[in-house]
Amino acid sequence: MKLRVEVVALDCLMVRLFDEISEANMPWMLAASENLRAAFGEHLIDLVPSYTTLMVHYDLIVLNPAQARELIAQALIDLSPNTRTGGQCHVLPVWYDLSVGPELSLLSQRSGLAVEEVIRRHSGREYQVFALGFAPGFAFMGLVEEVLAAPRLNTPRKKVAAGSVGIAERQTAAYPVVSPGGWNLIGRTPAKLFDRERDGYSLMQPGDTVRFEAVSHAEFIHLGGDDTPLEAQV
Amino acid sequence: MSRLSIEASTPLCLLQDAGRFGVRHLGVTQGGGLDWRSMSWANWLLGNDLHAPVIEITLGGFAVVAEEDCVLALAGADLGACVNGETLAPWRSFRLQKGQRLQFTQPLLGARAYLAAPGGFDAPSVLGSRSTVVREELGGLDGRGRALAKGAQLSYAGSALLLLRELPAEQRPDFSDASPLDLVLGAQIGEFSGQSLFDAFNSVWTLDSRADRMGIRLLGTALQYQGKPMISEGIPLGAVQVPPDGQPIVLLNDRQTIGGYPRLGALTPLALARLAQCLPGAKVRLRPVVQEVAHREQVEYLKRF
């Protein structure tokens, strides 16, 4: 790890911890996050974690850039990885089906695996939440097995149903609300991923772990899922 | 209690406050009035908290009728406002008597006007803010992120100052100011070609019509990034990102929270306030500024309120 602090805006600094996306980054990212929140306290306006960086947005009325840099330096002295299982582990039920996950067949063709095997491999692994972005509660998770990796669609769909589960390169995610999107869709979860009434709002937070569990159509409906096929939603 | 009734509106007329903070790590965007400076002056004219919810009217097409006597304030663009046909210039508080109609017609100078009410317009706080973000279905009058619509009722809880105020001329932002927009240099600045750096700060950029509350595209000489592809990272307000086609995009209040395009840096808040008042086709220039200098200038400006 070679730590750098970079200017990104008048009142924002970027703390860069790594150069590559890796599951091994997470314990360090979590520890740095925790220390930075403690060091800035109420003068922190937002802390935006991503795969390898933490963007610190601080109160410019209280802190000048030099003071903010000093706080960051102090917060990250003797940083040690947070190996406690701090994050939550979520199990997301998924109804894997071509009607809601049309790219199941594409992934099957690309990998040479049967559709059932694609499902088994996607749901047979525990993923880390690297970052949230794109939309409220949209969690970028990974890494999926190399054999399941696939580039985003050339033409993004104008409308992707809420709960849609997809793959892009070696990442996987679920769409919290209806939105445009270019990920390869393989199924749908009935889980409510973002809820303004919930404490913490987002089901998943950076540092959490997630496992997908294949459920039948009946279970999906029982759990409140909407099985409207993608085409019918347009 | 309803005080005003909306008679005309457009999808660009939105309830806004200073924005939504403390939730960006969940993918929730910042939101908030694009020209924070005019928004703050509108609130200042009424003795409000500077961050109280106001109505951001972009380009015009908005009209309200008073259901009782009101004192309101108007700041920002001159959108041809009139009260029962009489011209109403911005940068002042004014009375709107029961039955009178306040109407915004078309942009005469600037692009966005801010209408404030005593104590701020009423709306539920959603994730700590009233700012409307249509895409995220957050904020606004009903909390569901909808633009202001014809037929909606507006209320406010504050009581009006007795005296009407006008912002002294020397305090009013000059929307015809053509000086360059200050840009705090970012970490990837050295990864652009030398020619591109020269072009970035020496050529004239034209505001594209592809502009919304997420970002404004600048048209001009294509800039060349020579660095490695980036991994997505947090995007600050005003970031000037350069996608592969080389045409920079200034990212505004409703931008996505993380993204992977290289950046020249970020416009200062004062530059953003000016940009928010520019119409498509306007010409702008960029000027590099160091973080410390920009910070001092911002703190200095905030002392005016």
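On a predicted model such as this, the values are computed, not experimentally measured, just so you know. (Residues numbered from 1 in each chain as written. Chains lettered and ligands numbered in written order. Predicted model: local features only at pLDDT ≥ 70, side-chain atom pairs only at ≥ 80, totals over all residues.)

S.K.: Please provide a residue-by-residue account of the overall build of chain A, values included.
M.R.: When its secondary structure is counted, chain A shows 6 helices and 13 strands. For chain A, whose C-alpha radius of gyration is 19 Å, the value lies close to the compact-globule estimate of 17 Å for 234 residues. Considering only C-alpha atoms, chain A reaches an extent of 55 × 35 × 35 Å along its principal axes. Here chain A, with 234 residues, has 46% of them falling under the buried criterion. For chain A, the share of sequence-separated contacts (at least 6 apart) that also reach a separation of at least 24 residues comes to 64%. (Helix = DSSP H or I, 4+ residues; strand = E, 2+ residues; numbered from the N terminus. Rg over C-alpha atoms; globule rule 2.2 N^0.38 Å. Buried ≥ 20, exposed ≤ 12 C-beta atoms within 10 Å, placed from the backbone. Contact = placed C-beta atoms within 7 Å.)

S.K.: Run through the interface of chain A and chain B, naming residues and quoting values.
M.R.: Every contact between the two is made by 36 residues of chain A and, on the other side, 37 residues of chain B. For the side of chain A that touches chain B, the secondary structure elements donating two or more residues are strand 1 (4-9), strand 2 (12-16), strand 3 (44-49), strand 4 (53-58) and strand 6 (126-132) of chain A. Here the element with the most residues in the side of chain A that touches chain B is strand 3 of chain A; it accounts for 5 residues.

S.K.: So, helix 2 (residues 65-76) of chain A: which residues are in play, and what are the values?
M.R.: Helical geometry note: an α-helix holds 3.6 residues per turn, so side chains three or four residues apart project in the same direction. Its 12 residues place the ends of helix 2 of chain A 17 Å apart at the C-alpha level, agreeing with the 16 Å of an ideal helix rising 1.5 Å per residue. Where helix 2 of chain A is concerned, the buried positions are Pro65, Ala68, Leu71, Ile72 and Ala75 of chain A. Mapping the buried residues of helix 2 of chain A onto a view down its axis gives an arc of 120 degrees, with all of them on the same face. Facing away from the buried side of helix 2 of chain A by more than 90 degrees, the exposed set consists of Ala66, Gln67, Ala73 and Gln74 of chain A. Looking at the buried side of helix 2 of chain A, the elements it contacts are strand 1, strand 2, helix 1 (26-40) and strand 4 of chain A together with helix 4 (291-302) of chain B. (Expected span 1.5 Å × (residues − 1). Arc of directions from axis to C-beta.)

S.K.: Please provide a residue-by-residue account of the sheet that holds strand 1 of chain A, values included.
M.R.: Residues and elements named next belong to chain A. What the 4 strands build is an open sheet, ordered 1-2-4-3; its pairing is antiparallel. Of all strands in the sheet, those with a lone pairing partner are strand 1 and strand 3, marking the two edges. Taken over all neighbouring pairs, the strand axes of this sheet differ in orientation by 20 degrees on average, direction set aside. Pairing of strand 2 with strand 4 involves 5 bridges; the strand directions are antiparallel. From the neighbouring strand, Arg16 faces strand 4, where its bridge partner is Thr53. Helix 2 contacts strand 1, strand 2 and strand 4 of the sheet and is inclined by roughly 30 degrees relative to strand 2. (Pairing = 2+ DSSP bridges. Axes fitted to C-alpha atoms, helices over the stretch in contact; angles between N-to-C directions.)

S.K.: Describe unusual backbone geometry, and please don't skip the residues or the numbers.
M.R.: Trans peptide bonds make up the majority, and among non-glycine residues the majority have a negative phi. Look at the link from Gly142 of chain A to Leu143 of chain A: it is a cis peptide, with omega at 0 degrees. Considering the arrangement of structural elements, one finds Leu143 of chain A in the loop between strand 7 (139-142) and strand 8 (157-160). Positive phi values are uncommon outside glycine, yet Glu137 of chain B reaches one of about 55 degrees. Assessed through the 18 C-beta atoms surrounding it within 10 Å, Glu137 of chain B is described here as partly exposed.

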